[in-house]
Amino acid sequence: MTARQHQQRFESLLHEHRRIVFKVAGLYSRSAADRDDLAQEISAQLWRSFGGYDEARAKFSTWMYRIALNVAISQARRERWSESDRFEPLETHHLETVGGGEGIAEPDERLAALYAFIGQLDPLNRALILLYLEDRNYTEMAEILGISETNVATKISRIKQKLRGQMTAAQTTGA
């Protein structure tokens with residue numbers, strides 16, 4: 001394969017799976033500028049790593065999630081987000097990007113609250129819930145994140161319990 005063919009293959013795969021980049025960037029960014037910067041950094045790292053991609057070992061989307069989440073988590077750790085850091089409020093277009101792009105006619109307050117709670121999770125748990133919302137199976141989540149399937153199941157269960165509690169508390173208090 002020539003260098004040009006290699007580049008064209010990468011560009012085609014990136015275009016086909018670009019929503020992964022946007023979803024991860026949207027979930028790990030505090031502002032539109034941060035989102036754009038993170039998407040660009042993820043894309044650059046995907047290109048740098050593409051020579052090592054082996055389709056016999058993993059689907060492209062699995063490999064792409066692994067790279068994207070590693071870049072996003074590493075950046076979050078470098079920036080040392082604290083609980084006092086505030087994220088840009090989620091708007092309808094953010095929910096469409098993170099939630100799958102099906103479009104939301106009217107923003108649902110409960111959905112906005114759910115995404116706000118997800119935004120408060122630590123980077124690994126945020127990655128897990130993103131993959132869970134993408135209907136990835138536990139085996140694929142474990143492969144992407146480099147943890148065991150048992151650990152995935154345990155963490156997902158705890159995250160769901162925590163989110164349920166936060167949602168219930170928000171409904172009770174009207175927040």
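The preceding data block contains the structure.
For every chain, the first residue of the written sequence is number 1, and numbering continues from 1 onward in sequence order. Where totals are concerned, whole chains, interfaces and linings use all residues; where local detail is concerned, this predicted model gives features only for residues with pLDDT of at least 70, and gives and counts side-chain atom pairs only at 80 or more. Neither water nor hydrogens contribute to the side-chain values; these are computed over all heavy atoms in the structure.

## Quick word on the packing of helix H3 (residues 32-49) against helix H4 (residues 60-79)
- Axis lines are fitted to C-alpha atoms, over the contacting stretch for helices. Their N-to-C directions set the angle, which ranges from 0 to 180 degrees. A run of H or I in DSSP becomes a helix once it reaches four residues, and a run of E becomes a strand once it reaches two; helices and strands are each numbered from the N terminus. It is at 9 Å that the axes of H3 and H4 come closest, and there the two elements cross at 130°. Classified by the interaxial angle, the pair formed by H3 and H4 is oblique. For the pair H3 and H4, the sense of crossing is right-handed. Of the residues in H4, those touching H3 at Leu 38, Glu 41, Ile 42, Gln 45, Leu 46 and Ser 49 are Trp 63, Met 64, Ile 67, Ala 68, Val 71, Ala 72 and Gln 75.
- Residues that form the contact of H3 with H4 fall into these classes: nine nonpolar, three polar and one charged. Every angle not falling under 35 degrees, over 145, or within 65 to 115 is termed oblique; those three ranges are roughly parallel, roughly antiparallel and roughly perpendicular. Crossing handedness is read from the near helix: turned anticlockwise from the far helix by less than a right angle, it gives a left-handed crossing, and turned clockwise, a right-handed one. Residues count as neighbours in contact if any of their non-hydrogen atoms are within 4.5 Å of one another. Three classes are used, and their members are as follows: Ala, Val, Leu, Ile, Met, Phe, Trp, Tyr, Cys and Pro are nonpolar, Asp, Glu, Lys and Arg are charged, and the others, Gly among them, are polar.

## Focus: the environment of Ile 67
- Residue position: Ile 67 is located in helix H4.
- Between buried and exposed lies partly exposed: a residue is buried under 20% and exposed over 50% of the maximum accessible area for its type, with that area taken using a 1.4 Å probe on protein chains only. Taking relative accessible area as the criterion, Ile 67 reaches 14% and is therefore assigned buried.
- Between the C-alpha atoms of Ile 67 and Ser 49, which are 18 residues apart in sequence, the distance is 8.3 Å.

## Observations concerning the pattern of salt bridges
- Within this document, salt bridges are pairs made up of a side-chain nitrogen of Lys or Arg and a carboxyl oxygen of Asp or Glu, the two lying within 4 Å of each other. Overall, the coordinates contain five salt bridges when judged by the stated rule.
- Linking Glu 140 and Arg 136 is a salt bridge whose minimum nitrogen-to-oxygen distance equals 2.7 Å. The same class applies to Glu 140 as to Arg 136, namely buried.
- Sharing partners across several salt bridges, the network here consists of Lys 59, Arg 136 and Glu 140.

That's the geometry; what it means functionally is another story.
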